[in-house]
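Each chain is listed here by its residues.
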Amino acid sequence: MADQVAAMCDQLVKAVNVIMDAETSQIYRLEALKFCEEFKETSSLCVPCGLQLADKAQPAVVRHFGLQILEHIIKFRWNDMQQQEKVHLKECAMQLLSNGTHSILDEESHIKDALSRIVVEMIKREWPQHWPDMLKEMETLTSQGEAQTELVMLILLRLAEDVITFQTLPTQRRRDIQQTLTQNMESIFTFMMGILQINVEDYRKLVSGMRAHCRVAVATLNTLAGYIDWVALVYITSGNCHLLEILCLLLSEPELQLEAAECLLIAMSRKGKLEERKPFMLLFDDVAIQYILSAAQTADGLVVERRYIFLKRLCQVLCALGGQLCSLVGSDVEVEVPANLSKYMEALLAFTTHSSQFLKSSTMATWGALFRHEALSKDAAVVKMAVKFLRASMTNLVKAGFPSRDNNPSCEYSRVDFDSDEDFNSFFNSFRAQQGEVLRSTCRIVPLEAFRIGAEWLQYQITSPIDTGDNASKTAEGLCSLLSPSVVQWDAMTVFMECMVSQIIKSVDEEKLPIDQSMELLQAVLNYETRDPLILSCVLTNVSALFPLAIHRPHFLPQVLIKLFKAVTFEIDHEPKAPWTRAVKNVRRHACSSIIKICRDYPQYMLPCFEMFYNHVKELFSSGVALTHMEKCALMEALVLISNQFKDYEKQKAFVDELMASVVAEWTSNEIRHVLWNPDTFLSFIGADKVVTEQNEDLSFCLYAILAVVKRAHWPADLEEAKAGGFVVGYTPAGAPTYRNPCTAQFRILLPNLLALIRTHNSLFLPENMARLSETFSRAHEIMDSEKKVVLGLSHHLLDIYDSPVCKTTIERMQGFFCTLYDNCYQILGSAGVSLQQEFYNIDKLAEGIAGSAFVSLDHVPDHRLRPMIHILISSFPLLLHLVLSCPQEYYESLLCPLLGPLFGYMLQRLNMRWQVINQRTSINGEHEEEELVCQETQVTQEMLEEQVVRLLTREVLELLISVSCSAHRGADRAGEMSPEARGRPKTHHNLYMSLLTLSFTSLSWKDATNCHRTASLVCWTLLRQVVAGNLLTEAVTWFFTSVLRGLQVHGQHEVCSSTLSQLAMLIYENLRPRYMELRGVMTQIPNINLEALDQYDHRLMDPSAQKFGEKKRKDQFRKLIAGTVGKALCQQFRKEVHIRNLPSLFKKPKPDKDIMNNEPLGLAALFSPKNDAL
């Protein structure tokens, strides 16, 4: 036997060396791996070989393999081992713990981990029933030295992780072990605290051996962290929070502070009853808060990784402590505001002013909670700190610390936290949004001080010379780039001003508002002149921010408009023919947006300026000044917003007619009609059939103008004003007023050609029209590069983009033209549904017109074009959603069903086909991996793009489906009805309803877990519940049920989907099984189903006199029944199952277990018992 073991060990050692040798060929490595795995699975020599290989005289890599063999035996062969074999293995494991390792400082960490795993695997199978003295044996081991103490801590930690955190045991075993741990928790905590204190004291006293004591203390702290997360709070707070006090003291020990901070963080993050958390306030006492403050205030310095991680944890501790403070103060437990609150906030401020942008951002949520807290926000210390926070924000708002640069102390920390400038940029944008939220809360506490700080900062920026720094613009001399010092300062100050002004208007009484001071500021901003587009953009934002205060001084309004008008036509002084940079375009767009915003939010104050505004716009349009179509239409949009204040239907209609006269004339002309109704003529008109062309943009302008008017023209919000102005033309049977819109007449005239354009645009994708495109524009209908990046989630490089001229190629301009043309058509339709309301529904043959245009030639329209149509109609401009939610019942048959019915029916067919292609592609790629490796990168990217577009299109359709289903459900609830038939609706409505059901249940098996979860939880039962009482076809019932089971097969690997689908399957089965026997037939086809359990479930379901279980138990039983359909992740499908048998329960009367009764003798009670003769 010994010779066999020695020979086999020699072979195993050679195999391990072959595996680990970097020079080994792949073939030999695979052979060695196969030999080792077969040995573990089949050999009877595993235990003796494993023990021999694990001897500490062997190299570490061989020892680790020996321990792996022992672990494998315990995990997979334990149930088949004889009692004496188990006892022998346990004895050997304890011997390894006692003297099978090197000293604590010399032993490899992976050896310690492997040895602890072996013991934990035995504990999971035998403790406490068959190994009652395990804890005592572990305690005895700690007396043998530091190495054994560390191993015991690793065992206790891994046991807690497996049982509590990862829950890798069967329910009963987990419950037995957890309850035994809980019963012994006082002694376990006392034991760990004793070990910690002894080793910390020895570490502080000794020179020789101090490293070993430090290692034990670290292991003990790590183990404590594994228990603090879930034990009763009384163990954490006992002894007047003795544990927390020790942890605070350890924050000053460089070797232990990180682990101590981890424990403190877990403790401070605990939830529970407020009364139990009240002792946490002891951390605000002098000693504890002083240690925390000292550690926080020595935070900055050289960037050392371990030190930096400690700072992050300490910052999180402070934030968690702040969360406990906000929960307790002002609650029923009557906690007073701590006397040391100012010290706590000083510590928090130390992190807010730290060089690391990550640390700064980590404190924002806590500051926000403090400043929003009803009681704390009124405390004098918090009010005083609010001013300091505002001062700190002046630095924190400045975008600095790019990892590629070295111009700020933050850069060194950013190189640790971020992989690239793009990552940092994305983070900082999120961080700044957080700061803005907290700033607004701060300004509500100290509004006037905030105004004074903001005013000083703005005045300073206005008087400071422009500093381009080392990053001057590449396009013009003397201009800044995004990273220039002046730009980042202006940008930060602008954010501060926006947040501050918006809050002082809400927080300060009107008579106390600093109107005069703010007008001085506004005048200084209006007088400020700059030719730098990036700084001018900030200036415009400040004008918009101060405008709400300017309404108290109406004589400023014309000056504001003049400043904005100048920005609309802004250009840098260089060749007029040169293309604008993106920064210039953004300034002009910014000015247009500011004008629209002012006219939207303050139209009554702008009304006196209407004539001046209108005359200026007419002068601009006729002067030949270079304005884009979007800029022209933005000005028209602003005029319409002001004209709504006329509150006179005839006057508003006359103005809209005058404003749109040229657009209507052109749009309805015979030439344009011929273009819009004929794909050939349309392509020729825009030049897409020519090799070189000057693009005709008249159509774009017309669509922008129509959209501007339809979107903004409206009647007064006040009913009496609407009546007086002639907007009310009648009342609905329910008594709601019916309005008329000033632009309705024009819209009716423009609508036929609009629908014709949509139909023609769809027809452009027909093969014969695609063939008419010239070679130059053969890719005109492909997805744009910018859209590709959005779909694939790729980031744009934002740092230099403002500097470069916007030079689009001919094909890019044509792609953009088609894209905006398509989008604007649907946006106009969506806006018309919202703005015109009843007048829109009354348009003759509207449904036929929309269906005959938007739904024409959809088979040829690519997914990336179809997605915006669905998205715009239901999201940005929700025509269909609006119809569903507010369409009067009399229009259901004439308008709603003809639109939604064909749309859902078509999308079901189309998406089903798309997902089948994706599934086939996935299976083919799985079978031909080598072909995938040599596949061209562009082809792979194209497939990824197509799949992602399908995924996004599916989500848009299902969002519409969810909206329709929820509104239909609310409508049914209001009517007190249960089904479409009960509502007496015509057959078309019933067909629509069945289309919704079919689409929702079919989508469950499409490979998109997000869609599956949302549809299963929000739609499927919502729809089906309303028809379960009706006479459903047997085939339909079984199809609904099998669709859910099919979804479980596809998505069962995702716990959230598995739970939702299991609940849906149970609802269907329990509601329909009594009337449809066929559902049982479906259940019997589930692999490995327990037919006896199914019979019992059916009996309780169908027999009124049978005992009924609660919902939770029914759910558990049903999930066990259908477990055979639940799909597994690929990584789980071929995983060898670990079987841990239940032991007789310690905490309730045991039930006979047939498996154990039949297969195991019951003499295991003495296993591992000290009285056993074999031990």
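Residues numbered from 1 in each chain as written. Predicted model: local features only at pLDDT ≥ 70, side-chain atom pairs only at ≥ 80, totals over all residues. Heavy atoms only, no water.

The protein chain appears in an unreviewed UniProt entry as Exportin-5 from Neolamprologus brichardi. Looking at the protein chain in UniProt, the text filed under Sequence similarities (unreviewed entry) is "Belongs to the exportin family." (UniProt positions renumbered as here; feature names shortened; annotations may be inferred.)

1. Regarding the overall build of the protein chain
Assigned secondary structure in the protein chain consists of 56 helices and 2 strands. Among the 1175 residues that make up the protein chain, the fraction classed as buried is 52%. (Helix = DSSP H or I, 4+ residues; strand = E, 2+ residues; numbered from the N terminus. Buried < 20%, exposed > 50% of the residue type's maximum accessible area, 1.4 Å probe, protein only.)

2. Here we look at the packing of helix α37 (residues 744–763) against helix α42 (residues 846–854)
Put simply, α37 and α42 touch, their axes get as near as 7 Å, and they point 30° apart. Taken together, α37 and α42 sit at an angle that is classed as roughly parallel. The segment α37 lies against α42, with Leu751, Leu755, Ile758, Arg759 and Asn762 engaging Leu846, Gly849, Ile850, Gly852, Ser853 and Ala854. The class makeup of the residues in the contact of α37 with α42 is 6 nonpolar, 4 polar and 1 charged. (Axes fitted to C-alpha atoms, helices over the stretch in contact; angles between N-to-C directions. Parallel < 35°, antiparallel > 145°, perpendicular 65-115°, else oblique. Contact = heavy atoms within 4.5 Å. Nonpolar A, V, L, I, M, F, W, Y, C, P; charged D, E, K, R; others polar.)

3. Points about unusual backbone geometry
A cis amide bond links Trp127 with the next residue in sequence, Pro128, at an omega value of 5°. As for its placement among the helices and strands, Pro128 is situated in the loop between α6 (109–126) and α7 (134–141). A positive phi angle, near 55°, is found at Ser857, a position not held by glycine. Mapped onto the elements of the fold, Ser857 is located in the loop between α42 and α43 (863–876).

4. Observations regarding the confidence of the model for the protein chain
Counting all residues, the mean pLDDT for the protein chain is 87, and 89% of those residues have values of 70 or more. Confidence drops under a pLDDT of 50 for residues 972–986, and excluding neighbours within four residues, the segment shows 23 contacts in the predicted structure. A low-confidence stretch, residues 1153–1175 stays under pLDDT 50, and its non-local contacts, those more than four residues away or across chains, total 40 contacts. (pLDDT = per-residue confidence, 0-100.)

5. Thoughts on the nonpolar core
Ranked by size, the top nonpolar core spans 368 residues in total, and within it Trp367 and Phe613 carry the most contacts. For this core, the leading source of residues is helix α16 (residues 305–328), giving 13 residues. Ignoring any residue separated from it by four or fewer positions in sequence, one finds Trp367 in contact with Met345, Leu348, Leu349, Thr352, Met385, Phe389 and Val438. Counting residues in each nonpolar core, the second largest holds 6 residues, with Tyr649, Trp715, Phe727 and Val728 among its members. (Core = buried A, V, L, I, M, F, W, Y, C linked by side-chain atoms within 4.5 Å.)

6. Focus on the pattern of salt bridges
Tallied over the full model, the rule gives 51 salt bridges. Across the salt bridge formed by Arg600 and Asp601, the nearest N and O atoms sit 2.8 Å from each other. Using a relative accessible area of 43% as the deciding quantity, one classes Arg600 as partly exposed. Where Arg712 meets Glu637, a salt bridge forms, and the shortest distance between an N and an O atom there is 2.7 Å. Pair noted here: Arg712 is in helix α35 (residues 698–712) and Glu637 is in helix α31 (residues 629–643), with a separation of 75 residues, a long-range link. Of the residues examined, Arg712 reaches a relative accessible area of 17% and is grouped as buried. Judged by relative accessible area, Glu637 falls into the buried class, the value being 11%. Through salt bridges with shared partners, a single network forms among Glu71, Lys75, Asp113, Arg117 and Arg158. (Salt bridge = Lys/Arg side-chain N within 4 Å of Asp/Glu carboxyl O.)

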